[in-house]
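Observations on the three-dimensional arrangement
Residue strings, one per chain:
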Amino acid sequence: MTSIRRPQASYANQPKSENDSPYNAKQVCLIVGLTCLAGFCIDTLTLGLPPSPFNLQWRVNFLQQVGDRSIILLFGSALLLYSQLGNRRLTRPLSLICLGVGVAFMLSCILIIRDSLILQEQAVGNITTQAEQLQAQIEESKGSPELLAEVTPEQIAQAEQQLTSQAEQLKQNAQTGITKAGLASIGNLIAVGAGLVGLGRFGLTSARRMASGR
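Residues numbered from 1 in each chain as written. Predicted model: local features only at pLDDT ≥ 70, side-chain atom pairs only at ≥ 80, totals over all residues. Heavy atoms only, no water.

Let us now look at the overall build of the protein. In terms of regular secondary structure, the protein is built from five helices and zero strands. Written out in order from the N terminus, the α and β elements of the protein read α-α-α-α-α. The 214 residues of the protein split such that 31% are buried. (Helix = DSSP H or I, 4+ residues; strand = E, 2+ residues; numbered from the N terminus. Buried < 20%, exposed > 50% of the residue type's maximum accessible area, 1.4 Å probe, protein only.)

Inspection of every chain in the model, using the stated rule, returns one aromatic pair. Between the NZ or CZ atom of Lys26 and the centre of the ring of Tyr82, over which it lies, the distance is 5.9 Å. (Phe/Tyr/Trp six-rings, centres within 6.5 Å; stacked < 30°, edge-to-face > 60°. Lys NZ or Arg CZ within 6 Å of the ring centre and 35° of its normal.)

Residue position: Arg69 is located in helix H2 (residues 56-83). Here Arg69 falls in the partly exposed class, since its relative accessible area comes to 27%. Between the C-alpha atoms of Arg69 and Ser185, which are 116 residues apart in sequence, the distance is 9.9 Å. With near-sequence residues (within four places) excluded, Arg69 lies in contact with Phe40, Asp43 and Leu47. (Contact = heavy atoms within 4.5 Å.)

One finds Leu73, Phe105 and Leu196 to be the most contacted residues of the largest nonpolar core, which totals 18 residues. Taken together, the elements giving at least two residues each to this core come down to helix H1 (22-47), H2, helix H3 (88-141) and helix H5 (153-212). Ignoring any residue separated from it by four or fewer positions in sequence, one finds Leu196 in contact with Leu73, Leu74, Ser77, Cys98, Leu99, Val101 and Gly102. Counting residues in each nonpolar core, the second largest holds nine residues, with Leu119, Ala123, Ile127 and Ala174 among its members. (Core = buried A, V, L, I, M, F, W, Y, C linked by side-chain atoms within 4.5 Å.)

Turning our eyes to something else, we now look at the side chain of Arg59. Within the secondary structure, Arg59 is located in helix H2. A distance of 2.6 Å separates a polar atom in the side chain of Arg59 from the backbone oxygen of Pro53. When sequence neighbours within four positions are dropped, the list of residues in contact with Arg59 reads Pro53, Phe54, Leu111, Arg114 and Asp115. (Polar contact = N/O pair within 3.5 Å; in protein donor to acceptor, adjacent residues only side chain to side chain.)

A few words now on the pattern of salt bridges. On inspection of all chains with the given rule, the structure shows four salt bridges. We note a salt bridge from Arg69 to Asp43, for which the minimum N-O separation is 2.6 Å. Of this pair, Arg69 sits in helix H2 while Asp43 sits in helix H1, placing them 26 residues apart in sequence. The partner of Arg59 in a salt bridge is Asp115, and the shortest N-O contact between them spans 2.7 Å. Here Arg59, found in helix H2, pairs with Asp115, found in helix H3; they are 56 residues apart in sequence, far enough to count as distant. Residues participating in the shared-partner salt-bridge network are Arg59, Arg114 and Asp115. (Salt bridge = Lys/Arg side-chain N within 4 Å of Asp/Glu carboxyl O.)

There is a patch of nonpolar side chains on the surface, built from Val28, Ile31, Val32 and Phe75 and spanning about 360 Å² of accessible area. Top element by residues in the nonpolar patch is H1. It accounts for three residues. Along the polypeptide, Val28 turns up in helix H1. (Patch = residues over 30% accessible without salt bridge, like charges linked within 9 Å, V, L, I, M, F, W, Y side chains within 5 Å. Areas by Shrake-Rupley, 256 points an atom, 1.4 Å probe, with all protein chains shown as cover.)

Quick look at the structure:
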């Protein structure tokens, strides 16, 4: 008699190996997420030393540096939140933190706009003051016999024209540089802030689903 062979268990019914478990993926996300967040916090604290929040120049530079590095915060927060999905005790707090930090990032753009405008006015004012001082020195030297013996009135007029042109160029460069830096920081903060708000809302939705599924 021919023996009847037992059908082997299908691959789908076989238990998954430990390496294929989603638990391991979440552990990796937890490690990488915590590393990114720790690096961002250490970098931010280093940039803020010594702290001087009431100094305009310090505040503008600090917010610009934070905006340039904020993508690391978004990446780490996403990994950390994903690693805790299913954990009812941590999903909601982490989501609220993401939501709060995201709103704070977006609101900080108002401060950057205000500080950038003030910084532009100060830079233009300083250039104007220096140009006026040089212009006054030239006017005073026009009556000097020693200067008139060496420099013609045409050369003095040409120097005044060059001074005015250079002052205008410096004003334009200062305004352009500050505006570009401010716009770049605002773009980064808005993008990362919106991403953090999205993460927070996603996490809160997941937490509500877990609570309703009890």
